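Report on the structure
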2 protein chains.
Amino acid sequence: MTVNSRTPIAAPEGAGRRRASTIRDVAQAAGVSTATVSKFLNGGQRFTREVEERVAQAVRDLGYSSNPMARGMITGRTGNVGIVVLDVRNPHFTSLIRGASRPAAEAELNLLFADIAEGLAPELPTLQALSRRVDGLIVSARLSDEARAWLGASDMPVVYYGGPPAQQDCSSVGIDNRAAAAMLGRHLRELGHRRLRYVGFSGARWSQERWLGLQQAFEGSGAELHRHDVNEASADEGERIASEVLLSADAPDAVVAYNDLIALGLLGQAQALGLAVPHDVSIAGFDNIVYGRYTSPALTTVDSGSEQTGERAMRRLIARIGGDPAARSGHELIAARVIVRGSTLGRPAVSRGEGRTR
Amino acid sequence: MTVNSRTPIAAPEGAGRRRASTIRDVAQAAGVSTATVSKFLNGGQRFTREVEERVAQAVRDLGYSSNPMARGMITGRTGNVGIVVLDVRNPHFTSLIRGASRPAAEAELNLLFADIAEGLAPELPTLQALSRRVDGLIVSARLSDEARAWLGASDMPVVYYGGPPAQQDCSSVGIDNRAAAAMLGRHLRELGHRRLRYVGFSGARWSQERWLGLQQAFEGSGAELHRHDVNEASADEGERIASEVLLSADAPDAVVAYNDLIALGLLGQAQALGLAVPHDVSIAGFDNIVYGRYTSPALTTVDSGSEQTGERAMRRLIARIGGDPAARSGHELIAARVIVRGSTLGRPAVSRGEGRTR
DNA sequence: TTGTAAGCGTTATCAG
DNA sequence: CTGATAACGCTTACAA
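This section reports on the structure supplied with the text. Please read all numbers here as calculations on a predicted model, not as lab measurements. (Residues numbered from 1 in each chain as written. Chains lettered and ligands numbered in written order. Predicted model: local features only at pLDDT ≥ 70, side-chain atom pairs only at ≥ 80, totals over all residues. Heavy atoms only, no water.)

**Considerations on the overall build of chain A**
A count of helical and extended segments in chain A gives 12 helices and 12 strands. A compact globule built from 358 residues should have a C-alpha radius of gyration of about 21 Å, whereas chain A, at 27 Å, is more than 25% larger. Considering only C-alpha atoms, chain A reaches an extent of 90 × 45 × 35 Å along its principal axes. Within chain A, the proportion of its 358 residues that are buried is 51%. Residue pairs at least 24 apart in sequence account for 69% of intrachain contacts in chain A once pairs closer than 6 positions are excluded. Approximately 16,000 Å² of chain A is accessible, and the part contributed by carbon and sulfur atoms is 50%. Between the centroid of the 41 positive side chains of chain A and the centroid of its 39 negative side chains there is a distance of 6 Å. (Helix = DSSP H or I, 4+ residues; strand = E, 2+ residues; numbered from the N terminus. Rg over C-alpha atoms; globule rule 2.2 N^0.38 Å. Buried < 20%, exposed > 50% of the residue type's maximum accessible area, 1.4 Å probe, protein only. Contact = heavy atoms within 4.5 Å. Areas by Shrake-Rupley, 256 points an atom, 1.4 Å probe, with all protein chains shown as cover. Lys, Arg positive; Asp, Glu negative; His and termini not counted. Charge placed at Lys NZ, Arg CZ, Asp CG, Glu CD.)

**Some points on the environment of Lys39(A)**
Residue and element names in this part refer to chain A. Locating lysine 39 in the fold gives a position in helix α2 (residues 34–41). Assessed through its relative accessible area of 39%, lysine 39 is described here as partly exposed. Lysine 39 has contacts with Gln45 and Phe47, leaving out every residue within four places of it along the chain.

**Some words on helix α7 (residues 145–153) of chain A**
Residues and elements named next belong to chain A. By the burial criterion, the buried members of α7 are Ala147, Arg148 and Leu151. Viewed along the axis of α7, the buried residues span an arc of 95°, placing them on a single side of the element. In α7, the exposed positions angled more than 90 degrees off the buried face are occupied by Asp145, Glu146 and Gly152. Of the surrounding elements, those touching the buried residues of α7 are α6 (123–131), β3 (136–140), β4 (158–161) and α9 (205–217). (Arc of directions from axis to C-beta.)

**A few points about the pattern of salt bridges**
Think of it this way: side chains of opposite charge can pair up when their charged atoms draw near. Considering all chains together, one arrives at 30 salt bridges over all chains under this definition. Here Arg293(A) and Asp236(B) are joined by a salt bridge, their closest N and O atoms 3.8 Å apart. Residue Arg293(A) is located in the loop between β9 (282–284) and β10 (301–303), and its partner Asp236(B) is located in helix α10 (residues 235–246); the two belong to separate chains. Taking relative accessible area as the criterion, Arg293(A) reaches 35% and is therefore assigned partly exposed. Of the charged contacts in the structure, one is a salt bridge between Arg54(B) and Glu50(B), with a shortest N-O distance of 2.5 Å. With Arg54(B) and Glu50(B) both in helix α3 (residues 49–62) and four residues apart, this pair spans about one turn of that helix. For Arg54(B), a relative accessible area of 32% gives the class partly exposed. One connected set of salt bridges, linked through shared partners, spans Asp87(A), Asp115(A) and Arg98(B). (Salt bridge = Lys/Arg side-chain N within 4 Å of Asp/Glu carboxyl O.)

**Things to note about the relation of the copies chain A and chain B**
The two copies are related by a screw operation: chain A maps onto chain B through 180° of rotation and 0.0 Å of translation along the axis, at an RMSD of 0.0 Å. Both copies of the chain, as the preceding transformation shows, are related through a two-fold rotation axis. (Least-squares fit on C-alpha atoms with pLDDT ≥ 70 in both.)

**A short note on a nonpolar patch on the surface**
A cluster of nonpolar side chains, namely Met73(A), Ile74(A), Met73(B) and Ile74(B), defines an oily patch on the protein surface of about 470 Å² accessible area. Those elements that place two or more of their residues in the nonpolar patch are α4 (68–75) of chain A together with α4 (68–75) of chain B. Here Ile74(B) shows up in helix α4. Under the relative-accessibility criterion, Ile74(B) is labelled exposed at 74%. (Patch = residues over 30% accessible without salt bridge, like charges linked within 9 Å, V, L, I, M, F, W, Y side chains within 5 Å.)

**Some thoughts on the protein's contact with DNA strand D**
Taken together, 26 residues lie near DNA strand D, and Ile23(A), Thr36(B), Gln45(B), Phe47(B) and Thr48(B) sit nearest. Within 4 Å of the protein, the contacting atoms of DNA strand D are 69% sugar and phosphate, with bases supplying the remainder. The separation between a phosphate oxygen of DNA strand D and a polar side-chain atom of Arg71(A) is 3.2 Å. When its residues are assigned to classes, the surface near DNA strand D shows 12 nonpolar, nine polar and five charged. (Near = heavy atom within 4 Å. Polar contact = N/O pair within 3.5 Å; in protein donor to acceptor, adjacent residues only side chain to side chain. Nonpolar A, V, L, I, M, F, W, Y, C, P; charged D, E, K, R; others polar.)

**Topic: the protein's contact with DNA strand C**
The immediate surroundings of DNA strand C are formed by 28 residues, with Thr36(A), Gln45(A), Phe47(A), Thr48(A) and Ile23(B) found nearest. The sugar-phosphate portion of DNA strand C accounts for 68% of its atoms within 4 Å of the protein, the bases making up the rest. Here a phosphate oxygen of DNA strand C sits 2.7 Å away from a polar atom, N or O, in the side chain of Ser38(B). Elements supplying a minimum of two residues to the surface near DNA strand C: α2 and α4 of chain A together with α1 (23–30), α2 (34–41) and α4 of chain B. Take the surface near DNA strand C: its biggest share by element is four residues, from α4(B). Tallied by class, residues from the surface near DNA strand C come to 12 nonpolar, 11 polar and five charged.

**So, the interface of chain A and chain B**
Taken together, the contacts link 52 residues of chain A with 52 residues of chain B. In this structure, Arg293(A) engages Glu239(B) in a salt bridge whose closest nitrogen and oxygen atoms are separated by 2.7 Å. Linking chain A with chain B are 25 residue pairs in polar contact (both at pLDDT 80 or more). At the level of elements, α4, α5 (91–106), β2 (110–115), α10 (235–246) and α11 (260–272) of chain A are the ones that each hand at least two residues to the side of chain A that touches chain B. Sort the elements by how many residues they give to the side of chain A that touches chain B and α5(A) lands first, with seven residues. For the side of chain A that touches chain B, the class distribution of residues is 21 nonpolar, 16 polar and 15 charged.

**Considering the packing of α6(A) against α7(A)**
Residues and elements named next belong to chain A. It is the contact of α6 with α7, at a shortest axis distance of 9 Å, that shows an interaxial angle of 25°. Classified by the interaxial angle, the pair formed by α6 and α7 is roughly parallel. Helix-helix and strand crossings are classified by hand; for α6 and α7 the assignment is right-handed. Listed contacts from α7 to Glu123, Leu124, Leu127, Gln128 and Ser131 of α6 are Glu146, Ala147, Trp150 and Leu151. Of the residues belonging to the contact of α6 with α7, the class tally is five nonpolar, two polar and two charged. (Axes fitted to C-alpha atoms, helices over the stretch in contact; angles between N-to-C directions. Parallel < 35°, antiparallel > 145°, perpendicular 65-115°, else oblique. Left-handed = near helix turned anticlockwise from the far one by under 90°.)

**Quick word on the environment of Thr301(B)**
Residues and elements named next belong to chain B. With respect to the helices and strands, the residue threonine 301 is situated in strand β10 (residues 301–303). On the basis of relative accessibility, which here comes to 0%, the residue threonine 301 falls in the buried class. For the pair threonine 301 and isoleucine 283, spaced 18 residues apart in the sequence, the C-alpha separation amounts to 8.8 Å. Leave out the neighbours within four places in its chain, and threonine 301 touches Asp260, Gly285, Phe286, Asp287, Asn288, Arg337, Val338, Ile339 and Arg341. Side-chain polar atoms of threonine 301 contact the backbone nitrogen of asparagine 288, separated by 3.1 Å.

This is how it looks when you write it as structure tokens:
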């Protein structure tokens, strides 16, 4: 039945890898031209009932599906979108991926994933390799200047997540880190905290924003704010720095971490060091990773809308790929909110009379 | 400089998307043929110093990198490998991905990722779509029979993770679930537990294996073993079923969950219900997700070598893609080990004198 | 409504 | 050593 008229240059007939059937096989089986098959399959173009039936039948019989590479060569579309995260093991990023997955699947786009955590893969080369295989990219606004510059110069559709990348005309999705930190700061201020530590991660641009927000919340309160810094936004690092943060001469009554992973490490170690949380010290983080619910006390945090961020970013990217000019730039703000749990508690009133709403 | 001699059929000269430079541009700029450029770039073939220099220069000047789709069309390689997980948000799977990432990056393979969690994407269609875009696949041995059958019939290189898929000649990597559960069971038996509950997840084939291992460990101990089942291997489900498991008439003195997520939910809810863990009841899970360290008490679990599994699976797949016949089938066993933490504790000796090693 | 044929950017074959 | 040139499987003018 399915005989190729062209002499196949290397057709392992009986043995070996059976060649997947091509559009030509279908055309031949249906007794039509390849153009007809292609149009029937792609464009909504109609044909005589008989032709349509024969083609459909042939497609079914041969289990035909088009070769994405061949198709991509001429359409210029790969059918893939890339998503670059800074650490797959951070639940914040997995939620982001989860959020991006659904709209991608709906648009029949495949997810080409890359993790550029510490020693895993160099940022720029990874990006460059990816960009040849995707129609668009969702990347962290925390990418290096070098990487962002390169992306800006290319004409690859890109959506940044995490916040608006510094001074650049592009498309982005994320929370207002400063405002979010200020919200958390106000919560702590209302609780009566006055000796604060911020355990930042200067590897992340938002760390500075969050620090500023925190300071802002305590302006005029007479509170002391100190700052630490870890080398990696991980629980291990939170553990490592815990004693330095918690046991110093002027011990803090509240500690805010750059993210929940660090906070988790601090929380665990605080208890190991004999401190009662939140009685001796309040601890809070950022991102609202689900595991913050399972510590005791449960972790107070700021929900940064990880999953929603992923979803919005993907929708934006899809619009952008589709040529929607509105999606070319602009920041889409995701609403953050403080999630108060057991790890933060009021101090025995030090100086009252400063009722702040919320 | 870079002028095309062929009349470009649709070359948006000044405005619009600038066309990425092709091998033809390079050849022209270097004054050689495309074949020469290709051989210089791919095969280790040598040329006169002059030619090599001119080509290298042209490549640099034009920032040329080959079009993966065009290349793929003729080599038959996509340069991608697919990895299919059952839920990105489960740290077990993210560790698996992390483990697979490094060898993939080393082999310059991109990771095409798919999450087939509950309502996200239908299994078989996802697999079929993926398989046209990858050179090989790493998938869960928990895929449906239908999906596994389809994969078996295709000639796609596949490595299964999680354990050997039922009755099939294929390549796989994972722990021995029965033996691992038996190890955990022996730990609990030695602690003196005699009223056990297993919270399984019948959606996973290993759940049954683990149940059998548990039973095996308690053979002849006179212990009572009961079994529950959740609809999803998640912390939420663990919480939901907690009261049913923990508050029944003959309350258990130890509960083993199918995985750590369920265990986390059980642990949290147990405490909410006023039970002291491990004093009133011991709780243990599977997978050794990192967040089990941050609960209090910390969670006893079985390390299933998630990251190592991912790494070994990827190495196997790469070998398999490279045509290594040894990698075509066979199971690679990953060693599991019990991680004893605070959530399991000995009962006040009920019936002693059964010293079991380890 | 259908078919013909020209490419898309590579690599591989085979001459020179 | 180097260069023509024929594929790879598909879409899309352009014809019929």
